[in-house]
Amino acid sequence: MRLDRRVTTTEGLIPMENVLLTVLLILALLLVGVVLLQRSEGGGLMSGGGSMSARGAANALTKLTWIFGVGFMATSLALTIIAAQNAKGVSVLDATTTTAPDSGDAPVTPTLPEGDLLPPTTGDAPVTPPPAD
């Protein structure tokens, strides 16, 4: 007997959404890394000096920031469009509301215990703490 080795996807997520989500996460990490490497007035990771000249590093990192930013926005937009196309057209609020089963009887209310629910009183004297050993 051979085992069936087909990969099944979870319901609700299709493979294209998984690919776009992975690309989006990678772009987000790259964007964070490039922004942290840029020189800032408060001091960045490379503010003490770097292997590239200040002008060349600023231009290269600025271009990379723009490229990663545009890629991040395009991937986010594509992921939104694909998710909207795969939507069932039902509101989330409509899907979560449940209707109670229709029964002819009135709802059952729990009975309250009878008697005094307060702890017993020992009079007007304050409670004395236990003796210290």
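Residues numbered from 1 in each chain as written. Predicted model: local features only at pLDDT ≥ 70, side-chain atom pairs only at ≥ 80, totals over all residues. Heavy atoms only, no water.

1. A few points about the overall build of the chain
Within the chain, the secondary structure is distributed over three helices and zero strands. Moving toward the C terminus, one meets the helices and strands of the chain in the order α-α-α. Here the chain holds 133 residues, and the buried ones make up 10% of them. Working note: accessible area of the chain is about 12200 Å², and carbon and sulfur atoms make up 65% of it. (Helix = DSSP H or I, 4+ residues; strand = E, 2+ residues; numbered from the N terminus. Buried < 20%, exposed > 50% of the residue type's maximum accessible area, 1.4 Å probe, protein only. Areas by Shrake-Rupley, 256 points an atom, 1.4 Å probe, with all protein chains shown as cover.)

2. A few points about helix H1 (residues 15–37)
Along its 23 residues, H1 runs 33 Å from first to last C-alpha, staying within 8% of the 33 Å computed at 1.5 Å per residue. By the burial criterion, the buried members of H1 are Glu17, Leu20, Leu24, Leu27 and Val34. (Expected span 1.5 Å × (residues − 1).)

3. Considering the environment of Met16
Mapped onto the secondary structure, Met16 falls in helix H1. In this structure Met16 comes out as partly exposed when scored by relative accessible area, which is 45%. Spatially, the C-alpha atoms of Met16 and Ile82 are 8.3 Å apart, while their sequence positions differ by 66 residues.

4. Some thoughts on the side chain of Thr65
Mapped onto the elements, Thr65 comes out in helix H2 (residues 54–85). Among the polar contacts made by the side chain of Thr65, one reaches the main-chain carbonyl oxygen of Leu61 at a distance of 2.6 Å. Those residues in contact with Thr65, other than ones at most four positions away along the chain, are Leu31, Val34, Val35 and Gln38. (Polar contact = N/O pair within 3.5 Å; in protein donor to acceptor, adjacent residues only side chain to side chain. Contact = heavy atoms within 4.5 Å.)

5. Observations concerning a nonpolar patch on the surface
On the surface, Met16, Val19 and Val23 cluster together into a nonpolar patch covering about 240 Å² of accessible area. With respect to the helices, strands and loops of the structure, Val23 is situated in helix H1. (Patch = residues over 30% accessible without salt bridge, like charges linked within 9 Å, V, L, I, M, F, W, Y side chains within 5 Å. Salt bridge = Lys/Arg side-chain N within 4 Å of Asp/Glu carboxyl O.)

6. Topic: the confidence of the model for the chain
Looking at the chain, pLDDT values average 75 and 62% of them are 70 or higher. Within the chain, helix H3 (residues 92–96) has the poorest average pLDDT of any element, 70, and H1 the best, 92. (pLDDT = per-residue confidence, 0-100.)

7. Notes on the side chain of Thr75
For Thr75, the location among the structural elements is in helix H2. Residue class for Thr75 comes out buried when judged on its relative accessible area of 8%. Each residue touching Thr75, except ones within four places of it in the same chain, is listed here: Leu20, Val23, Leu24 and Leu27.

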